[in-house]
Amino acid sequence: MKMSKPISILGIFVADLTFRSNRMPRQGETFIGNSFKLGPGGKGSNQAVAARRAGAKTMFITKVGKDTFGEMAMKLYADEGINSEFVWEIPKNSTGAAAIMVNEESGDNAIIVVPGAADELVPDDLEDAEAGIAECAYFMASLEVPIPVMQRGLEVAKRNGVPTILNPAPAAILPDEVYGLSDYFTPNETEASMLAGIPVETVEQARDAAKVFMDRGVDTVVITLGENGAYVRNSEIRQHVPAFDMGDKVLETTGAGDAFNGGFAHALAEGMPLIDAVRFGSATAAISVTRLGTAPAMPYNNEIQQLLDSQNTQ
Ligand code: RIB
């Protein structure tokens, strides 16, 4: 497979502790659930796995602890072939963890994330990673790292002429300058609603929210709308891209946004036109929701291609 320039991704690794049951617990309640799984997670790390499996050369930037979960992270990057030169192992804090509760009846989830060692990232760490970032086709960040760290990452990328993708997840108030530093801005509907300050449930509302972000300085907005697809807007394009319908194959939607962003970043790095890149990201997410877990659910390039080809011929 032809490999283009790498993608650098700033984010966190956490161990996902996933508890599955038929309903969510009520406050103060203890009950017996259905199953438990421990696996690699964290939005940025999941995005790195998705991009890598989609075919991108990928470099990940984070901090992990010198502990069992930190070893899980380093093994993941070695196994997946992700460049971990800028994954710093620090002794003074433990690797983070996420408690994920999945309601198997409704498919809903609820997540508490504790970034742990990744909270020790400081803006100057991004200066240390500058040589690596400068060689990349794209730089992508999300909001599980401290906001000043994310912002410095975007600044380092921009001053090296590297286009930036900001996935504002989980939603947080952003300094105004961050919008102008984001070439691509990829919230889901909940994040878009919180950041734009308007409801985002329909394609029309996504169009209005995208305009808000563009007025703040974003170049291209891609709002993911779950089973309703994605809305894309920049100065030339205003387009709704439908989702892939996976019907009753859907098992778990946790990590679907990470799959989208990883696939999307890879497609952009390959030079695909914007709408094709959004379709590639959507196909990546569509396959990921048919599997359990987050990072382990990410599909490989041939699987994504197969789904895209099957829809093109219908
Ligand atoms: O987007 C899903 C991810 O969010 C999970 O892997 C969990 O770790 C949280 O960070």
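Residues numbered from 1 in each chain as written. Predicted model: local features only at pLDDT ≥ 70, side-chain atom pairs only at ≥ 80, totals over all residues. Heavy atoms only, no water.

Along the chain, the position of Ile198 falls in the loop between helix H7 (189-196) and helix H8 (203-215). Owing to a relative accessible area of 27%, Ile198 belongs among the partly exposed residues under this scheme. A sequence separation of 124 residues divides Ile198 from Met74, and the C-alpha atoms of the two residues are 41 Å apart. The residues touching Ile198, leaving out its near neighbours within four places in the chain, are Ser193, Gln205, Asp208 and Ala209. (Helix = DSSP H or I, 4+ residues; strand = E, 2+ residues; numbered from the N terminus. Buried < 20%, exposed > 50% of the residue type's maximum accessible area, 1.4 Å probe, protein only. Contact = heavy atoms within 4.5 Å.)

Attention shifts here to the layout of surface pockets. Size it by volume and the largest pocket reaches roughly 1300 Å³. Lining the largest pocket are 46 residues, and of these Asn188, Gly226, Thr253, Ala256 and Gly257 sit closest to its centre. Counting residues per element, the ones that place at least two in the lining of the largest pocket are strand S2 (14-21), helix H1 (43-54), strand S6 (95-103), strand S7 (109-116), H7, helix H9 (256-269) and helix H10 (274-288). When residues of the lining of the largest pocket are assigned to their parent elements, the largest contribution, 5 residues, is made by H9. (1 Å grid on protein atoms, 1.4 Å probe; cavity = no way out; pocket = protein on both sides within 12 Å on 5 of 7 lines; lining within 4 Å. Points joined across faces, edges and corners; volume = space filled by probe spheres on them.)

The immediate surroundings of the ligand are formed by Val14, Asp16, Gly41, Gly42, Lys43, Asn46, Ala98, Val113, Glu144, Gly255, Asp258 and Thr294. Side-chain polar atom of Asn46 to an oxygen atom of the ligand: 3.0 Å apart, as the coordinates give it. Within the complex, 96% of the 280 Å² of free accessible area of the ligand lies under protein. Spatially, the ligand is embedded in the largest pocket. Mapped onto the shell around the ligand, the elements with two or more residues apiece are S2 and H1. Looking at the shell around the ligand residue by residue, the classes come out as 3 nonpolar, 5 polar and 4 charged. (Near = heavy atom within 4 Å. Polar contact = N/O pair within 3.5 Å; in protein donor to acceptor, adjacent residues only side chain to side chain. Areas by Shrake-Rupley, 256 points an atom, 1.4 Å probe, with all protein chains shown as cover. Sits in = over half its atoms within 2 Å of the grid points. Nonpolar A, V, L, I, M, F, W, Y, C, P; charged D, E, K, R; others polar.)

What follows concerns the nonpolar core. Residues Ile7, Tyr77, Tyr138, Phe264 and Val278 are the most contacted members of the largest nonpolar core, which totals 48 residues. Per-element tally for this core: the top contributor is H10, with 9 residues. The residues contacting Tyr77, other than those within four sequence positions of it, are Phe13, Ser45, Phe60, Ile82, Ser84 and Val87. Among the nonpolar cores identified, the runner-up in size contains 44 residues, and Ala141, Ala206, Val218 and Val221 belong to it. (Core = buried A, V, L, I, M, F, W, Y, C linked by side-chain atoms within 4.5 Å.)

Further remarks concern the side chain of Ser45. Here Ser45 lies in helix H1. Sequence-distant contacts of Ser45, that is, excluding residues within four places in its chain, are made with Ile12, Phe13, Phe60, Leu76 and Tyr77.

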